[in-house]
Amino acid sequence: MATDQFEHATFYLTKTQVDEIKELAKNNQISRSALVRMIIREYLAKQGRDKS
């Protein structure tokens, strides 16, 4: 997805979180990277709502 502004964020995950993402991706037949992007988008959207 192209945007006017590029932002870079670093997220650190625990081993348990990584394992849960792998399992969710497998169960929902979606790539892990796509699932992580969805999780990050939701997290950032929530952060934006919390600041408002």
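Reading guide: rules and limits
- Residues numbered from 1 in each chain as written.
- Predicted model: local features only at pLDDT ≥ 70, side-chain atom pairs only at ≥ 80, totals over all residues.
- Heavy atoms only, no water.
- Axes fitted to C-alpha atoms, helices over the stretch in contact; angles between N-to-C directions.
- Helix = DSSP H or I, 4+ residues; strand = E, 2+ residues; numbered from the N terminus.
- Parallel < 35°, antiparallel > 145°, perpendicular 65-115°, else oblique.
- Left-handed = near helix turned anticlockwise from the far one by under 90°.
- Contact = heavy atoms within 4.5 Å.
- Nonpolar A, V, L, I, M, F, W, Y, C, P; charged D, E, K, R; others polar.
- Buried < 20%, exposed > 50% of the residue type's maximum accessible area, 1.4 Å probe, protein only.
- Patch = residues over 30% accessible without salt bridge, like charges linked within 9 Å, V, L, I, M, F, W, Y side chains within 5 Å.
- Areas by Shrake-Rupley, 256 points an atom, 1.4 Å probe, with all protein chains shown as cover.
- Salt bridge = Lys/Arg side-chain N within 4 Å of Asp/Glu carboxyl O.
- Expected span 1.5 Å × (residues − 1).
- 1 Å grid on protein atoms, 1.4 Å probe; cavity = no way out; pocket = protein on both sides within 12 Å on 5 of 7 lines; lining within 4 Å.
- Points joined across faces, edges and corners; volume = space filled by probe spheres on them.

S.K.: Even after reading the chapter, I still don't get the packing of helix H1 (residues 15-28) against helix H2 (residues 32-51), so can you show me in this structure?
M.R.: How two helices pack is summed up by the angle between their axes together with the distance between the axes. Contact geometry for H1 and H2: axes closest at 9 Å, N-to-C directions at 110°. One way to sum up the angle between H1 and H2 is to call them roughly perpendicular. Of the two possible hands of crossing, H1 and H2 adopt the one that is right-handed. Of the residues in H2, those in contact with Ile-21, Lys-22, Leu-24 and Ala-25 of H1 are Arg-32, Leu-35, Val-36 and Ile-39. A breakdown of the residues in the contact of H1 with H2 according to their chemical character gives six nonpolar, no polar and two charged.

S.K.: Honestly, unusual backbone geometry in this entry has me stumped. Any pointers?
M.R.: Leaving glycine aside, a negative phi is the common case for residues, and trans is the common case for peptide bonds. Despite not being glycine, Gln-29 shows a phi value in the positive range, around 50°. By secondary structure assignment, the location of Gln-29 is in the loop between H1 and H2. With a relative accessible area of 77%, Gln-29 lands in the exposed category.

S.K.: It is not clear to me how a nonpolar patch on the surface should be interpreted in this structure. Could you clarify?
M.R.: Taken together, the side chains of Phe-11, Tyr-43 and Leu-44 make up a nonpolar region of the molecular surface, amounting to roughly 280 Å² of accessible area. Counting through the fold element by element, Tyr-43 comes out in helix H2.

S.K.: Please explain H1 as it appears in this structure.
M.R.: At 3.6 residues per turn, the α-helix brings residues three or four places apart onto the same side. With 14 residues, H1 should cover 20 Å at 1.5 Å per step; its first-to-last C-alpha distance of 20 Å lies within 8% of that length. Directly after H1, the chain includes Gln-29, whose backbone phi takes a positive value near 50°.

S.K.: Any chance you could explain the layout of surface pockets here in plain terms?
M.R.: Unoccupied space between atoms shows up once a probe the size of one water molecule is rolled over them. Of the voids in this model, the second largest pocket is the one considered here, and its volume is about 260 Å³. Taken together, Phe-11, Tyr-12, Leu-13, Gln-17, Glu-20, Ile-21, Leu-24, Val-36, Ile-39, Ile-40 and Tyr-43 form the lining of the second largest pocket. Broken down by secondary-structure element, the contributors of at least two residues to the lining of the second largest pocket are H1 and H2. When its residues are assigned to classes, the lining of the second largest pocket shows nine nonpolar, one polar and one charged.

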